[in-house]
Amino acid sequence: MSDASETRRGYVPGRHKIEDYGNGGFRFAEMSHRGSILASPAGVRAMPLEKPEDIDDAAIDAVLAEGGVDLLLVGSGAELRPLKRALREKLKGAGVGCEIMATGTAVRTYNMLLDENRRVAALLIAI
């Protein structure tokens with residue numbers, strides 16, 4: 001599959017800093033995306049999440065399927081919201097640490113850890 005068709009399907013391969021956020025979306029890889037995303041070492045993909053309560057087993061499975069992740073940052077929107085215990089346990093069982101924070105803080109932390117070449121992913125609810 002070509003990069004262009006992957007982009008149309010809501011996926012951009014490669015590690016990308018989040019350049020901006022707000023107004024319901026994110027800017028990365030010199031493009032804009034409206035809605036929530038999963039940024040990982042493999043790429044950035046659209047996620048069908050509107051609020052923290054939408055994070056479910058499928059979202060965590062998407063993180064784990066990316067592989068090569070030691071830490072997941074969860075940007076829970078404008079406010080700090082907890083992740084369901086079962087989902088935290090699933091990540092822990094897979095050897096993936098998890099930190100939950102407001103989306104803005106998660107974006108800044110993700111970019112910093114990316115600069116340090118850490119094996120980090122960020123599941124970011126759009127604000």
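Placed above this text is the structure.
Calculation rules
Residues numbered from 1 in each chain as written. Predicted model: local features only at pLDDT ≥ 70, side-chain atom pairs only at ≥ 80, totals over all residues. Heavy atoms only, no water. Pairing = 2+ DSSP bridges. Helix = DSSP H or I, 4+ residues; strand = E, 2+ residues; numbered from the N terminus. Axes fitted to C-alpha atoms, helices over the stretch in contact; angles between N-to-C directions. Parallel < 35°, antiparallel > 145°, perpendicular 65-115°, else oblique. Left-handed = near helix turned anticlockwise from the far one by under 90°. Contact = heavy atoms within 4.5 Å. Nonpolar A, V, L, I, M, F, W, Y, C, P; charged D, E, K, R; others polar. Buried < 20%, exposed > 50% of the residue type's maximum accessible area, 1.4 Å probe, protein only. Salt bridge = Lys/Arg side-chain N within 4 Å of Asp/Glu carboxyl O. Right-handed = clockwise from strand over helix to strand, strands pointing away.

Engineer: Just checking my understanding: could you explain the pairing of strand 3 (residues 25-28) for this structure?
Structural biologist: Along a regular strand, successive side chains alternate from one face of the sheet to the other. Two strands pair when backbone bridges link them, and strand 2 (residues 18-22) and strand 3 are joined in this way by four bridges, in the antiparallel orientation. Residue Gly22 lies in a different strand from strand 3, and its bridge partner there is Gly25. In sequence, strand 2 turns back onto strand 3 through a hairpin of two residues, with Asn23 there showing a positive phi of about 50°. What sits between strand 3 and strand 4 (residues 31-34) in their antiparallel hairpin is a turn of two residues, with Ala29 showing a positive phi close to 50°.

Engineer: How should the packing of helix 2 (residues 57-66) against helix 3 (residues 85-93) be read in this particular structure?
Structural biologist: Between helix 2 and helix 3, the least distance of the axes is 10 Å, while the angle of their chain directions is 20°. When the interaxial angle is binned, helix 2 and helix 3 end up roughly parallel. By crossing handedness, the relation of helix 2 to helix 3 is classed as right-handed. Contact residues: Asp57, Ile60, Asp61 and Leu64 in helix 2; Leu87, Lys90 and Leu91 in helix 3. When the residues that make up the contact of helix 2 with helix 3 are grouped by side-chain class, the tally is four nonpolar, no polar and three charged.

Engineer: Honestly, the sheet that holds strand 4 in this entry has me stumped. Any pointers?
Structural biologist: Strand pairing in a sheet is mediated by backbone hydrogen bonds. Such pairs are either parallel or antiparallel. Ordered in space as 2-3-4, the three strands form an open sheet in which the pairing is antiparallel. Of all the strands in the sheet, the pair left with one neighbour each is strand 2 and strand 4. This sheet shows a mean twist of 20° between the axes of neighbouring strands, independent of strand direction. The strands touched by helix 4 (residues 103-115) within the sheet are strand 2 and strand 3, with strand 2 carrying the most contacts at an inclination of about 180°.

Engineer: What's the story with the sheet that holds strand 8 (residues 97-101) in this structure? I'm lost.
Structural biologist: Within the open sheet, the six strands sit side by side as 1-6-5-9-7-8. Their pairing is mixed. Two strands bound the open sheet, and with one partner strand each, they are strand 1 (11-13) and strand 8. Strand-to-strand, the axes of this sheet are offset by a mean angle of 15°, without reference to chain direction.

Engineer: Before we go on, may I ask you to explain the environment of Val12 in this structure?
Structural biologist: Its location among the elements puts Val12 in strand 1. The exposure class of Val12 is buried, given its relative accessible area of 10%. Separated by 19 residues in sequence, Val12 and Met31 place their C-alpha atoms 9.9 Å apart.

Engineer: Would you mind going over the pattern of salt bridges with me for this structure?
Structural biologist: When charged atoms on two side chains of opposite charge get close, those side chains can pair. Applying the stated criterion across every chain yields a total of nine salt bridges. Taking the shortest distance from any N to any O, the salt bridge between Asp57 and Lys90 comes out at 3.3 Å. Here the residue Asp57 occupies a position in helix 2, and Lys90 occupies one in helix 3, the gap between them amounting to 33 residues. Note on Asp57: relative accessible area 42%, which makes it partly exposed.

Engineer: Just checking my understanding: could you explain the pairing of strand 8 for this structure?
Structural biologist: Direction of pairing for strand 7 (residues 71-75) relative to strand 8: parallel, over a ladder of five bridges. Counted as the bridge partner of Leu71 is Gly97 from strand 8. Between strand 7 and its parallel partner strand 8, the chain crosses via helix 3, and the hand of that crossover is right-handed.

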